[in-house]
Amino acid sequence: IIGYPLLNSAAALGIIVIIAIPATSTVFVLRKRKKQIMEITQSFYTSIEKNRAYSVDVLEKSLGKTSKAFSDTGYEYTLAINQANHKWGLIFPSKRLQFVFDFSVLIDFSIYEDGNKIALGAQLNGISFGTITNICKDLHVEIVVNTAKQSRFVIPLITENAAHNSIEYRYAVNSAKEICALLSIIKADNAALHASTVSIPNNSIQQAMPDGTRESRLDDLGKLFELKKQGIITEEEFSIKKRQILG
């Protein structure tokens, strides 16, 4: 043992040397480790608080009073909506990224697990995720938008192996459902917003309309019919808007 002549000599003679470590040394090591753990924990919570504060500040300044919002426990992301002004925001506090959009830019959203797209019905109705492997390597929500700068966003929920029966996996699945529930509200409100100005074509009402409004109403009716045909609005919503336009 370099630097310790007596120990080197003993080792050369084949003598086993037992060194007694004072109990005070062990206590010192434990205290030092405890202090390190406390510092790491404090740093973690400080980071969370900074992320939370950033999210709140962005939402207040850019989105106004939110109707609903969801953030993960570490505030790595926040999704919020304002139904009053038909706007929604997506914030990544740790990266200091913020995006605020009109409802109209949302095209679609999906959940992907290990490259497989999960049906929305399974997401929102509580059907279990998971595959026969019993291990999830990747789980994320993909949001498709119609903007000039960016066409899609990815919210990562699991980025490394997690067993399907683990707390991490169950939390990620619940987070995915919360995110998709908010996005579903955006999509439904967006469809209703479009439907508020349209209705269905019907030749039988042409004579009942004043000449000045007949053409525009028929155009609106045609647009509403297309919304129903594409599945954007339901039959019930279609009927309600039709009655409103026809008076």
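Right above here is the structure, for reference.
Below you will find a few notes about this structure.

Thresholds applied
- Residues numbered from 1 in each chain as written.
- Predicted model: local features only at pLDDT ≥ 70, side-chain atom pairs only at ≥ 80, totals over all residues.
- Heavy atoms only, no water.
- Helix = DSSP H or I, 4+ residues; strand = E, 2+ residues; numbered from the N terminus.
- Buried < 20%, exposed > 50% of the residue type's maximum accessible area, 1.4 Å probe, protein only.
- Contact = heavy atoms within 4.5 Å.
- Areas by Shrake-Rupley, 256 points an atom, 1.4 Å probe, with all protein chains shown as cover.
- 1 Å grid on protein atoms, 1.4 Å probe; cavity = no way out; pocket = protein on both sides within 12 Å on 5 of 7 lines; lining within 4 Å.
- Points joined across faces, edges and corners; volume = space filled by probe spheres on them.
- Nonpolar A, V, L, I, M, F, W, Y, C, P; charged D, E, K, R; others polar.
- Pairing = 2+ DSSP bridges.
- Axes fitted to C-alpha atoms, helices over the stretch in contact; angles between N-to-C directions.
- Salt bridge = Lys/Arg side-chain N within 4 Å of Asp/Glu carboxyl O.

### Considering the overall build of the chain
In terms of regular secondary structure, the chain is built from 6 helices and 10 strands. Sorting the 247 residues of the chain into buried and exposed places 31% on the buried side. By sequence separation, contacts in the chain at least 24 residues apart represent 52% of the contacts at least 6 residues apart. Counting every atom, the chain has about 15,800 Å² of accessible surface; 57% of that belongs to carbon and sulfur.

### Remarks on the layout of surface pockets
In this approach the atoms are scanned with a rolling probe the size of a water molecule, which exposes any empty space left behind. One number sums up the size of the largest pocket: a volume of about 590 Å³. Looking at the lining of the largest pocket, the elements that each hand over two or more residues are helix 2 (23–63), strand 9 (152–158) and helix 4 (167–195). Tallied by class, the residues present in the lining of the largest pocket amount to 11 nonpolar, 8 polar and 5 charged.

### With respect to the pairing of strand 5 (residues 106–113)
Strand 5 sits mainly inside the fold: 6 of its 8 residues count as buried. In terms of strand pairing, strand 5 meets strand 8 (residues 139–145) through 7 bridges, oriented antiparallel. Along strand 8, the bridge assignment pairs Tyr112 with His140. Examined bridge by bridge, strand 5 and strand 6 (residues 116–118) share 3 bridges and lie antiparallel to one another. Opposite Tyr112, over in strand 6, you have Lys117 as the bridge partner. Connecting strand 5 to the antiparallel partner strand 6 that follows it, the hairpin turn spans 2 residues, and Asp114 within it adopts a positive phi of roughly 50 degrees.

### A short note on the pairing of strand 1 (residues 68–71)
Note that strand 1 and strand 2 (residues 78–82) share 4 bridges and pair antiparallel. Counterpart to Ala69 in the pairing with strand 2 is Ala80. Counting the residues in the hairpin turn of strand 1 and strand 2 gives 6 residues, including Tyr75, whose phi is positive at 55 degrees.

### Some remarks on the sheet that holds strand 9
Spatially, the 4 strands line up as an open sheet ordered 6-5-8-9, and their pairing is antiparallel. Looking along the sheet, the strands with just one partner apiece sit at the ends: strand 6 and strand 9. Direction aside, neighbouring strands of the sheet carry axes that sit 30 degrees apart on average.

### Some remarks on the pattern of salt bridges
Inspection of every chain in the model, using the stated rule, returns 5 salt bridges. In this structure, Arg152 and Glu142 form a salt bridge, with 2.9 Å as the shortest nitrogen-oxygen distance. A residue pair is termed long-range when its members are at least 10 positions apart, and Arg152 in strand 9 and Glu142 in strand 8 qualify at 10 residues. Arg152 sits in the partly exposed class, given a relative accessible area of 39%.

### Some thoughts on unusual backbone geometry
A positive phi angle is found at His86, which is not glycine, with a value near 55 degrees. On the secondary structure map, His86 appears in the loop between strand 2 and strand 3 (87–92). Although it is not a glycine, Arg96 adopts a positive phi angle of roughly 55 degrees. Turning to its location among the elements, Arg96 is positioned in the loop between strand 3 and strand 4 (97–102). For Arg96, a relative accessible area of 42% puts it in the partly exposed group.

### Topic: the environment of Phe103
Along the chain, Phe103 falls in the loop between strand 4 and strand 5. Classification of Phe103 by relative accessible area gives buried; the value is 1%. When the C-alpha positions of Phe103 and Leu183 are compared, they lie 9.5 Å apart, and in sequence the two are 80 residues distant. Excluding residues that lie within four positions of it along the chain, Phe103 makes contacts with Ile81, Asn82, Gln83, His86, Lys87, Trp88, Ile186, Asp189 and Asn190.

### Overview of the sheet that holds strand 2
Within the open sheet, the 4 strands sit side by side as 1-2-3-4. Their pairing is antiparallel. Only two strands of the sheet have a single partner each, and these edge strands are strand 1 and strand 4. Looking at each pair of strands side by side, their axes are set apart by 10 degrees on average, direction ignored. Here strand 3 pairs with strand 4 via 6 bridges, running antiparallel. Opposite Lys87, over in strand 4, you have Asp102 as the bridge partner.

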